[in-house]
Amino acid sequence: MSELWIDYANSLWHDWRGDGHAIDKLPQPEWQSAFLQKHRLTAPVPAPATELEEMARFRDLLREFAQRLYEGGSVTEPMMGAVNEQLQRSAVVRRAALHGEDVRLEWQPQENSWNAVLAEAAADFVKSLASGLGSRIRLCDNDNCKWVFLDDTRNRSKRYCEDKTCGNLMKVRRFRERKKAGDAE
Ligand SMILES: [Zn+2]
């Protein structure tokens, strides 16, 4: 399962195959329902127009953080401040849960709201950093795509969100460019 915060950050979709123009999926009820269902969260759909601005602002901030970390930047106090601002928005209650034979400690948001969803996204981002995944955060090297992902390869060599899509596309483009350069000689 992909990380909650990464799915949230990728609600800004780019036309990776074409000119890279962005489509904001956050205001789309279909996107909202699918996201909530996937991550077992609840919030009103469609999200109230009054909350969309803050939802987009934090999404853009997460993308900015991802980019900074990808470019080798480190985690800063202001970054943590922005995350804490979201964490403080909604309360959670701890709960012991049994999954098969596994005991897990979970927390349950106490609000059925997008505030709680933003807090979950913020918490999940911190979880990634705390478990040492910060250096695995990537933005797809296809400049028209910019999909956020975690590089799960052993030698940390993953450059594209998907080999089958962007990886292939860029391979074809490089091939054509080489060919063009060859023809010109
Ligand atoms: Zn991509």
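Residues numbered from 1 in each chain as written. Predicted model: local features only at pLDDT ≥ 70, side-chain atom pairs only at ≥ 80, totals over all residues. Heavy atoms only, no water.

The protein appears in an unreviewed UniProt entry as Zf-CGNR multi-domain protein from Paenibacillus nanensis.

A.B. asks: So what's going on with the overall build of the protein? Residues and values would help.
C.D. replies: Counting its regular elements, the protein contains six helices and six strands. The secondary structure elements of the protein, listed N-terminal to C-terminal, are α-β-β-α-α-α-β-β-α-β-β-α. Dimensions of the protein, computed from C-alpha atoms along their principal axes, come out at roughly 70 × 40 × 40 Å. Evaluated residue by residue, the protein yields a buried proportion of 39% over its 185 residues. Carbon and sulfur atoms make up 50% of the accessible area of the protein, which totals about 11,300 Å². (Helix = DSSP H or I, 4+ residues; strand = E, 2+ residues; numbered from the N terminus. Buried < 20%, exposed > 50% of the residue type's maximum accessible area, 1.4 Å probe, protein only. Areas by Shrake-Rupley, 256 points an atom, 1.4 Å probe, with all protein chains shown as cover.)

A.B. asks: Tell me about the layout of surface pockets, residues and numbers included.
C.D. replies: Roughly 880 Å³ of internal volume is contained in the largest pocket. Every element with two or more residues in the lining of the largest pocket is listed here: β3 (92-99), β4 (102-109) and α5 (114-130). In terms of residue count, α5 provides more of the lining of the largest pocket than any other element does, seven residues in total. Residue composition of the lining of the largest pocket, by class: 10 nonpolar, seven polar and 10 charged. The calculated volume of the second largest pocket comes to roughly 460 Å³. (1 Å grid on protein atoms, 1.4 Å probe; cavity = no way out; pocket = protein on both sides within 12 Å on 5 of 7 lines; lining within 4 Å. Points joined across faces, edges and corners; volume = space filled by probe spheres on them. Nonpolar A, V, L, I, M, F, W, Y, C, P; charged D, E, K, R; others polar.)

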